[in-house]
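Summary of structural features
Listed here are the chains, written in short residue letters.
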Amino acid sequence: GENVEQHPSTLSVQEGDSAVIKCTYSDSASNYFPWYKQELGKRPQLIIDIRSNVGEKKDQRIAVTLNKTAKHFSLHITETQPEDSAVYFCAASLHSGNTPLVFGKGTRLSVIA
Amino acid sequence: GAGVSQSPSNKVTEKGKDVELRCDPISGHTALYWYRQRLGQGLEFLIYFQGNSAPDKSGLPSDRFSAERTGESVSTLTIQRTQQEDSAVYLCASSSWDRGIYGYTFGSGTRLTVV
């Protein structure tokens, strides 16, 4: 089955700096890669996703890149703000038949004002 | 409903007791997923339903765990003879057939504490 590794487990950045979180996956058949943000005590919320037919996707200060050959994908947050502080999870799955997402173990991002 | 609803939000139980956790998915969502999140940890897949059937039960940690879904709606996750290591937040998510996992929405979870 699919296995997703995520690094780093914790990340501290100064406000205004960029943050990068990296994930690798094992199943070359996976073709859908979402990222979730979970604030303390709250449910995970989808922030951005990418499908295997594209290499990069941007949404304002957030971008995700995908390298299918190397089986890794990354989340980039630019101009970080204190409200970006949260735990971020990457995930991978086959986009067919509602197959479950397999999640990485999460990255705790702290943005220091 | 407007979102995925889980109940109870918090449950404290004594070791050895049985508990039932409930998930009400978004109306019309055909797929429903259960995950477990231990304190400070990631999301551990438990089981999912497509309609009322569970094609993948591989994530259930032991035979003390079971789940069912009826009417392609409400699902209950039952933990028998609870142990302290069962303490965690149990998250439910649902998605719709036509949107697949693009429609993956989580509930707020049930925080289970076994004392």
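Anything mentioned here points back to the structure above.
Residues numbered from 1 in each chain as written. Chains lettered and ligands numbered in written order. Predicted model: local features only at pLDDT ≥ 70, side-chain atom pairs only at ≥ 80, totals over all residues. Heavy atoms only, no water.

1. Comments concerning the overall build of chain A
Check the secondary structure of chain A and you find 0 helices and 11 strands. Seen in sequence order, chain A has helices and strands lined up from the N terminus as β-β-β-β-β-β-β-β-β-β-β. Taking 13 Å as the expected radius of gyration for a compact globule of 113 residues, we find that chain A reaches 14 Å, a close match to that expectation. The dimensions of chain A, computed from C-alpha atoms along their principal axes, are 40 × 30 × 20 Å. Burial status across chain A gives 43% buried among its 113 residues. Residue pairs in contact within chain A that sit at least 24 positions apart in sequence constitute 54% of those at least 6 positions apart. When the accessible surface of chain A is summed, it comes to about 5,600 Å², and 47% of that surface belongs to carbon and sulfur atoms. In chain A, 12 positive and 12 negative side-chain charges are present, and the distance between their average locations comes to 5 Å. (Helix = DSSP H or I, 4+ residues; strand = E, 2+ residues; numbered from the N terminus. Rg over C-alpha atoms; globule rule 2.2 N^0.38 Å. Buried < 20%, exposed > 50% of the residue type's maximum accessible area, 1.4 Å probe, protein only. Contact = heavy atoms within 4.5 Å. Areas by Shrake-Rupley, 256 points an atom, 1.4 Å probe, with all protein chains shown as cover. Lys, Arg positive; Asp, Glu negative; His and termini not counted. Charge placed at Lys NZ, Arg CZ, Asp CG, Glu CD.)

2. Looking at the state of the cysteines
Two cysteines form a disulfide when their sulfur atoms are joined by a covalent bond. Under the defined criterion, the tally for this structure stands at 2 disulfides over all chains. Each sulfur of the disulfide joining A:C23 and A:C90 lies 1.9 Å from the other. Here the disulfide of A:C23 and A:C90 is left-handed, its torsion about the S-S bond being about -100°. Taken as a pair, A:C23 in strand β3 (residues 19-25) and A:C90 in strand β9 (residues 86-92) lie far apart in primary sequence, 67 residues in all. For the pair shown, A:C23 and A:C90 are each scored as buried. Between the sulfur of B:C23 and that of B:C92 lies a disulfide, 1.9 Å long from S to S. Between B:C23 and B:C92, the S-S torsion sits near -65°, and that sign places the bridge as left-handed. One end of the pair, B:C23, is in strand β3 (residues 19-24); the other, B:C92, is in strand β9 (residues 88-96), and 69 residues separate them in sequence. B:C23 gets classed as buried once you look at its relative accessible area, which sits at 0%. (Disulfide = S-S within 2.5 Å.)

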